[in-house]
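# Report on the structure
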Amino acid sequence: MNQTMKAIKGRKIMTHRFIATAATALFACLLVPALSAGTIFTNFGPLFTYDTLNGTFIGNDLNPGDNAAEGASFTPATSTLFGSLTIALSCFNNCPVSPFTVSLDSDSSGVPGSAIESFSVTGATLDSNPLITLTSSLNSPLLAGIQYWIAVTTSDANATAGDSIVWNNNTVGDTSAQANSVDGGTTWSSISGLYQTPGAYEVDSLAPTTTPEPGTWGLMIPSIAMLGAIGCQRRKRPGSTV
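None of the values given here were measured: they were computed from a predicted structure.

Here the focus is the nonpolar core. Formed by 25 residues in total, the largest nonpolar core has its most connected members in Phe74, Ile87, Leu89, Val102, Ile150 and Tyr201. Element by element, the count of residues in this core is highest for strand β4 (residues 80–92), at four residues. Ignoring anything within four residues of it in the chain, the contact list for Val102 reads Leu85, Ile87, Leu89, Glu117, Ser118, Phe119, Val121, Leu134, Ile150, Ala151 and Val152. If you look at the next biggest cluster of nonpolar residues, it comprises six residues, including Val111, Trp149, Ala179 and Trp188.

Right, let's get into the side chain of Ser90. Structurally, Ser90 is set in strand β4. Within the structure, the side chain of Ser90 is placed 2.9 Å from the side chain of Asn168, a separation counted as a polar contact. Contacts of Ser90, omitting those with residues within four sequence positions, involve Leu126, Pro130, Ser164, Ile165, Val166 and Asn168.

By the secondary structure assignment, Asn180 is in strand β11 (residues 178–181). The class for Asn180 is partly exposed, based on a relative accessible area of 27%. Remark: the alpha-carbon pair of Asn180 and Ala68, spanning 112 residues in sequence, is separated by 7.2 Å. Apart from residues no more than four positions distant in its own chain, Asn180 is found in contact with Ala69, Glu70, Thr187, Trp188, Ser189 and Ile191.

The rules behind each value
- Residues numbered from 1 in each chain as written.
- Predicted model: local features only at pLDDT ≥ 70, side-chain atom pairs only at ≥ 80, totals over all residues.
- Heavy atoms only, no water.
- Core = buried A, V, L, I, M, F, W, Y, C linked by side-chain atoms within 4.5 Å.
- Buried < 20%, exposed > 50% of the residue type's maximum accessible area, 1.4 Å probe, protein only.
- Helix = DSSP H or I, 4+ residues; strand = E, 2+ residues; numbered from the N terminus.
- Contact = heavy atoms within 4.5 Å.
- Polar contact = N/O pair within 3.5 Å; in protein donor to acceptor, adjacent residues only side chain to side chain.

The values are spatial; any link to function lies outside them.
Structural data, given as structure tokens:
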């Protein structure tokens, strides 16, 4: 009798452990995809390092009449959805009063084309943190092997001389295609191969939702089926307890 009770007790302990393990695995399958987002492109150094002393002027570039703009290109290795952009921007002299625009652009014969998504940023944002992250609300598709551009422009050349935005350079040797403009991005010129250093930035894909992928369902279904079978066996045994 004692051995029978011990066997029943042992089965109950094993059942509890299985349920706990299956529940943990199910939770992990749901949680892990929600926490991961892929990097589409980055030219930051380790821990988002970049050149804090050198960069390219946006707006007033100290040449009378110029309204400077800058573009840098990237090409996704796989098709994905645009999630966010982190970019190294700082203020030269003082932060300009006028807002400036950071945009994800299509390619137009090797220079920035039409805007896919734009972000309006104020110079005051850069006072406390030159490294800013802009989160997409459109999550537009980015296709593998297609060139895209990140462009920084402003609506005017800023009235006060020297009050400009600077797109800080990368320090990892990135030499991706670049373009610049002196009329606020109305017309662009390619400057690739002219010993220019692209600004530092990172493009990330949209983080997956908590909806499991087909492969995840394949891992979850056997555990769910096993839990269901255990429940059916218990209901068939009158007076059984856990």
